[in-house]
Amino acid sequence: MIPQPTLDTSPKVSDEVRKTTCYMCACRCGINVHMKDGKVAYIEGNKDHPVNQGVLCAKGSAGIMQHNAPSRLRAPLRRVGPRGSGEFEEISWEEALTQAVDWLKPIREKHPEKLAFFTGRDQSQSFTGFWAQGFGTPNFAAHGGFCSVNMAAAGIYTMGGAFWEFGQPDWDRTKLFMLFGVAEDHDSNPIKMGIGRLKQNGGRMIGVNPIRTGYNAVADDWVGITPGTDGLFILAMVHCLMKAGKIDLDYLARFTNASVLVNEDPDSDQFGLFLRDADGQPQVIDRNTGQLAPWNGKGVEPDLAATHRARGVTHRPVFHQMADRYLSADYAPEAVADRCGIPAERIRAIAADLARVAFDEEITLDRPWTDFRGKKHGKMVGRPVSFHAMRGISAHSNGFQTCRALHTLQIILGSVEVPGGMRFKPPYPKPATAHPKPHGKVTPGHALDGPHLGYTHGPEDLLLDDEGNPKRIDKAYSWENPMSAHGLMHMVISNAHAGVPYKIDTLFMYMANMSWNSSMNVGGVHKMLTDKDDNGDYVIPHIIYSDAYSSEMVAYADLILPDTTYLERHDCISLLDRPICEADGVADAIRWPVVEPDRDVRGFQSVLCDLGARLDMPGFVNEDGSAKYKDYADYITNHIRRPGVGPLAGFRKGEDGPQGGRGDVNPDQIQDYIDNGGFWIEHVPENAAYYKPFSMDYQDWAVKMGFFDVVQPYIFQLYVEPLRKFQAAAEGIGERQPPEHLRARLKHTMDPLPIWYEPFEDTAVDVDEYPVHALTQRPMAMYHSWGTQNAWLRQIHGHNPLYVPTKIWEANSFAEGDWAKVSSVHGSIVVPVAHQASLNENTVWTWNAIGKRKGAWALGEDASEANKGFLLNHLIHELMPPKGDGLRWANSDPVTGQAAWFDLRVKIEKSDVPNETQPAMPAIKSPVGKGPAELDWKVGK
Amino acid sequence: MTQLPPPSAKKLGLVIDLDTCVGCHACVVSCKGWNTENYGAPLSDQNAYSGAASGTFLNRVHSYEVQPDEGAAQLIHFPKSCLHCEDAPCVTVCPTGASYKRAEDGIVLVNESDCIGCGLCAWACPYGARELDAKEGVMKKCTLCVDRIYNENLPEEDRQPACVRTCPAGARHFGDLGDEDSDVSKLVAERGGFDLMPEQGTKPVNKYLPPRPKDEMPEFDVLAPYLEPIAQDGKGFVGWLDKALSALPGGAK
């Protein structure tokens, strides 16, 4: 026998480990970057990090290929060919910044609104927003409008927080977890970790999704719902639970506005509004006295049942209205089963199972706490059913109300902010009333009058000019979408091209692939970006774009400001922005340059500091006119947002050394973060860990930490009064009135209690001609368009067939290798098909953003992504088909403006096999060349 | 042609939970990252940025649809790498002795300096778990991260295969399947862990845990008492509410 070779089983792993934060998606895990000879050798999860606790997904583990991708931009670029050609020359940073200032300075001095500054997958919105505010343009937002604003806004208005960055299931204690359609990166690793833990604890999971892949593949029960009907399914369960009295009355009475009295006189100008006292506080009947009392009065025990008559007007508690609505036969399982594609018995069974677990398996923790009415509770009662949802339910034109319906279901079960239920992550909960209102007052040469984005509470908060026209280029906070809390990035190019509500001069974007996978109507957008006026000038005169990579959008800009990779930059994952906290702890984190760039690139946020100074913008210059911040790291360390509060809450300067929460500027703060593994965390005290909105134990701690300046306990808003105010305006009440053509829609959709209505596309197209729903999903191993430039990840998802359910597969006699023509009312594509049985029978789907434009991302023109890959985006338009009323209606949710990607209806027919997917677009010239043919990656010896 | 050592008492291997694997490919890429940088030649990639790329991976996740006689179709994610078989046909077929099974812990490895890239082992493996690296011309396979699990330069908690350390769902477990008291052996016993293709007679060390039964929520009639109506409409509901509220602590004032 040959002797066994001698192996070194303890080789040196690396010279050094540098701990920073991943940026391969929005999950923002902690990573250990192993260095050899000053190069990145291996990336793994950081075991101490609150988000991922050591694990790391495929994207994160492939970070080394992202960091070294051949598609990285190398230097600032100036366009030399026509827009869309990809022809550029490299220029110096001084030339690039001078060019930018030449465009931006006159705009700022005369018409700040002629700059539209929109950022995509920006993780620094509190900074980019601050910059835009200093510039003075009202036109700023990030990508939330085409992502999940329905979920965020519905959550904030209803309960002061939603899922993902706002809240999460109580994974250790929940026993039944129900997951509705979810975008994979919206809590990527924590969901996987949570599902693993749930199963380990013997818990069960129900997946509600037309497609049974990923999380739904491991769900104990799968509900293959018809797209766009989730709200109906949820309200049918609300019906069943209310009808059976399987609701948490004590919780509803104390912690929600179910007990608040509503004016029920249709002739009153207060119809549908809360009865308020002289201090403006909504009124309840106190069960102790039978008399009116403010909702938050000391010792008050709100009554869910009692009505009140004052000055001839009947006022009933919100709960009565809920009973009237949801006990109606319209919401009975039998009435909704066919539309939802779920048998009535199954709807009842799931509702019954929720009731069984919530009430029969109640859990209690021996943790005393005190509520805002001064009542002392000896224990914490928990209802161990929890929910999570994201884009699947929110990216519909009925998404806002559907998300509200889901929160209503959670709340009537008494399972929000309780043990085993859904929990908020600090600095949430934070009610809509504690957020800013939107601001849009422009003064040339000066800052905007306040932060751009916020929450409207009635028509008076809309951003309209004296003629009633929208102040913002994306028409956010107009009557078309009064609660558009994240703006409407998907409408910017379309509106700017149309010059409606006005023309702009410069479109400035960051990290948003708006000429490809992030836009609806891709071909149309290309025309808008390249269209010229009668003088031969571009209709959108200037486009500045910043990206780290040679994305499809680069070709359509005039000036490119090349960003760094995520391992070459400073960042802060700030509590002022989209935090990474856990329900039991407040946390934030940094990125820092674990390697220096080897190209002439700069972190975009540092470039904004420089531009802000060159433009003399408030907040970016000192009194003597010199630049206030050397770079973004300088801003992170030294910027003060409110007294004691800066971008990072950890390691602030206190009297006795570094402290978390409030504190002075600590010049060594970034080094302190690096020394601590790249993050900071402080745990929520045990008696403040649940019931956060209502708990004085939590509220006092939150003020101490600097989340807000005074305690602000609140109750959940099952009835959202601001919705009623917009609805009332549509009924003719009040001075600020909507345009006639929007009245009927506002009356219907701005309902203060959750409703369900058909997705708009279903009412606008002939559903007999277009009988099939078409969706996209994000692969777990890819993030938007980024994964494709990654040599390892593109081997996992290198092209994307259209997955077709058995019924449609057989009806078309499809066979393996076949292609299909897929048409919507807007256009058609020709794509490869594949059979999938585990799919709603009327739904087809494909992976999101795998298809690539030839020439982009440093890929060869024969790349599978550009020949067999495709986008569904070609079938989706930012506007609805004309209705014959002379108006064009946006393909968006009428409340928030969220892009209704998943309303899409199509028809399918077998096609001849083309050479490549259709529509095929001409190649763009790559500004970075192409990647090498072969890789054998090893940095160590 | 190459002999197997006598069976070792220690049988290191993986236990993979098919009930929990969500098919995220984290293990696939973490493995690629560690093993391209460490043991032997790097794992190369061809057409890395063009055409249809293909490269060497030591672990891949496949997905299979299962159509039960009744009920909805199911999707099973199935990660697959070398199973470190006790009767490893890839070892006995090797003409040079490059392929070998370690006497002390049963890990099957390829000594790359002796590998001539003939591919016989890949042909002999019934699981398709070996891949010939197109650039280096040597056979690559799962090493069970032999350069991690004993590595004194790593903290003790990190001395496990990269795929196990990174798995977000906790679907992968590493340990000694020769020790019936080990956590992995207990898990196999509790959950009915099974051998992949036992009829091949390879006696794989790695085990798979089966998916739990799906779509078996009790029929509604079992759950019906939970939805016994207390009212038929809003008016009846308010009547019930009055009574129910009186029954609450502090009620009936």
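Note that the coordinates shown come from a computational prediction; the quantities given were computed from them, not determined experimentally.

Some details on the overall build of chain A
Line of reasoning, step 1. A tally of helices and strands in chain A yields 25 helices and 37 strands.
Line of reasoning, step 2. Over its C-alpha trace chain A gives a radius of gyration of 27 Å, about what one expects of a compact globule, namely 30 Å for 941 residues.
Line of reasoning, step 3. Here the C-alpha coordinates of chain A stretch approximately 85 × 75 × 75 Å along the principal axes.
Line of reasoning, step 4. For chain A, buried positions account for 64% of its 941 residues.

What about the environment of Arg599(A)?
Residue and element names in this part refer to chain A.
Line of reasoning, step 1. Relative to the helices and strands, Arg 599 resides in the loop between β27 (585-591) and α17 (604-614).
Line of reasoning, step 2. Separated by 526 residues in sequence, Arg 599 and Leu 73 place their C-alpha atoms 8.0 Å apart.
Line of reasoning, step 3. Not counting the four nearest positions on each side in its chain, Arg 599 is found in contact with Arg 72, Arg 74 and Ala 75.

Focus: the domain arrangement of chain B
Line of reasoning, step 1. Each assigned domain of chain B is listed here: domain 1 (12-209) and domain 2 (222-253).
Line of reasoning, step 2. The centre of domain 1 of chain B, based on its C-alpha atoms, is set 57 Å off from the matching centre of domain 2 of chain B.

Quick notes on the sheet that holds strand β2 (residues 30-36) of chain A
All names here are of chain A.
Line of reasoning, step 1. Taken in spatial order, the three strands make up an open sheet running β1-β2-β3, and their pairing is antiparallel. Each edge of the open sheet carries a strand with a single partner, namely β1 (16-21) and β3 (39-45). Looking at each pair of strands side by side, their axes are set apart by 30 degrees on average, direction ignored.
Line of reasoning, step 2. Pairing analysis gives six bridges linking β1 to β2, with the strands arranged antiparallel. Paired with Thr 20 across the bridge in β2 is Ile 31.

Examining the interface of chain A and chain B
Line of reasoning, step 1. At the interface, 93 residues of chain A touch 83 residues of chain B.
Line of reasoning, step 2. Element by element, the count of residues in the side of chain A that touches chain B is highest for helix α12 (residues 344-360) of chain A, at eight residues.
Line of reasoning, step 3. Broken down by class, the residue content of the side of chain A that touches chain B amounts to 48 nonpolar, 22 polar and 23 charged.

Examining the sheet that holds strand β16 (residues 313-317) of chain A
Residues and elements named next belong to chain A.
Line of reasoning, step 1. Taken in spatial order, the three strands make up an open sheet running β12-β16-β15, and their pairing is antiparallel. In the strand order of this sheet, the two ends are held by β12 (261-263) and β15 (308-310), each with one partner. Between one strand axis and the next, the sheet turns through 35 degrees on average, direction left out of account.
Line of reasoning, step 2. As defined by bridge partners, β15 adjoins β16 across three bridges and the pair is classed as antiparallel. When the bridges of β16 are listed, Arg 309 appears paired with Thr 314.
Line of reasoning, step 3. Helix α10 (residues 318-326) rests against β12 and β16 of the sheet, and its axis sits at about 80 degrees to β16.

Some details on the pairing of strand β24 (residues 542-547) of chain A
Each regular strand shows side chains that alternate between the opposite faces of the sheet.
Residue and element names in this part refer to chain A.
Line of reasoning, step 1. When you tally the buried positions in β24, you get six out of six residues, the bulk of the element.
Line of reasoning, step 2. Covered by surrounding structure in β24 are His 542, Ile 544 and Ser 546 together with Ile 543, Tyr 545 and Asp 547, the residues of both alternating faces.
Line of reasoning, step 3. Sheet topology note: the strand β23 (residues 506-510)/β24 ladder contains five bridges and is parallel. The partner of Thr 506 across the bridge, within β24, is His 542.

Quick word on unusual backbone geometry
Residue and element names in this part refer to chain A.
Line of reasoning, step 1. Residue Pro 429 follows Tyr 428 across a cis peptide bond; omega there is 15 degrees.
Line of reasoning, step 2. You can see Pro 429 is positioned in the loop between β22 (422-424) and α15 (492-498).
Line of reasoning, step 3. Of note, the bond from Val 500 into Pro 501 is cis; its omega dihedral lies within 30 degrees of zero at 5 degrees.
Line of reasoning, step 4. As for its position among the elements, Pro 501 is in the loop between α15 and β23.
Line of reasoning, step 5. The residue Gln 53 is not glycine, and still its phi comes out positive at about 45 degrees.

Things to note about helix α3 (residues 93-110) of chain A
All names here are of chain A.
Line of reasoning, step 1. End to end, α3 covers 26 Å across 18 residues, agreeing with the expected 26 Å (1.5 Å per residue, within 8%).
Line of reasoning, step 2. Bending of α3 peaks at approximately 25 degrees at the position of Leu 104, with proline Pro 106 no more than four residues after it.
Line of reasoning, step 3. Taken together, the buried positions of α3 are Ala 96, Ala 100, Leu 104, Ile 107 and Arg 108.
Line of reasoning, step 4. Of the surrounding elements, those touching the buried residues of α3 are β6 (115-119), α4 (125-135), β23, β24, β25 (559-562) and α17.

What about the packing of α3(A) against α17(A)?
Residue and element names in this part refer to chain A.
Line of reasoning, step 1. Two elements in contact, α3 and α17, have axes separated by 10 Å at closest approach and are oriented at 50 degrees. With respect to α17, the element α3 is oriented oblique. Considering the relative orientation of α3 and α17, their crossing is right-handed. Residue-level contacts link Leu 97, Ala 100 and Val 101 of α3 to Asp 610, Leu 611 and Arg 614 of α17.
Line of reasoning, step 2. Taken together, the residues of the contact of α3 with α17 sort by class into four nonpolar, no polar and two charged.

A word on the nonpolar core
Line of reasoning, step 1. Counting residues in each nonpolar core, the largest one holds 370 residues, and the members touching the most others are Ala58(A) and Met237(A).
Line of reasoning, step 2. Those residues within four positions of Met237(A) in sequence are excluded, and the remaining contacts are Ile347(A), Ile350(A), Ala351(A), Leu354(A) and Leu409(A).

Conventions we followed
Residues numbered from 1 in each chain as written. Chains lettered and ligands numbered in written order. Predicted model: local features only at pLDDT ≥ 70, side-chain atom pairs only at ≥ 80, totals over all residues. Helix = DSSP H or I, 4+ residues; strand = E, 2+ residues; numbered from the N terminus. Rg over C-alpha atoms; globule rule 2.2 N^0.38 Å. Buried ≥ 20, exposed ≤ 12 C-beta atoms within 10 Å, placed from the backbone. Contact = placed C-beta atoms within 7 Å. Domains from an automatic or database assignment. Pairing = 2+ DSSP bridges. Axes fitted to C-alpha atoms, helices over the stretch in contact; angles between N-to-C directions. Nonpolar A, V, L, I, M, F, W, Y, C, P; charged D, E, K, R; others polar. Expected span 1.5 Å × (residues − 1). Bend = angle between axes of the 7 residues up to and from the residue. Parallel < 35°, antiparallel > 145°, perpendicular 65-115°, else oblique. Left-handed = near helix turned anticlockwise from the far one by under 90°. Core = buried A, V, L, I, M, F, W, Y, C linked by C-beta atoms within 7 Å.

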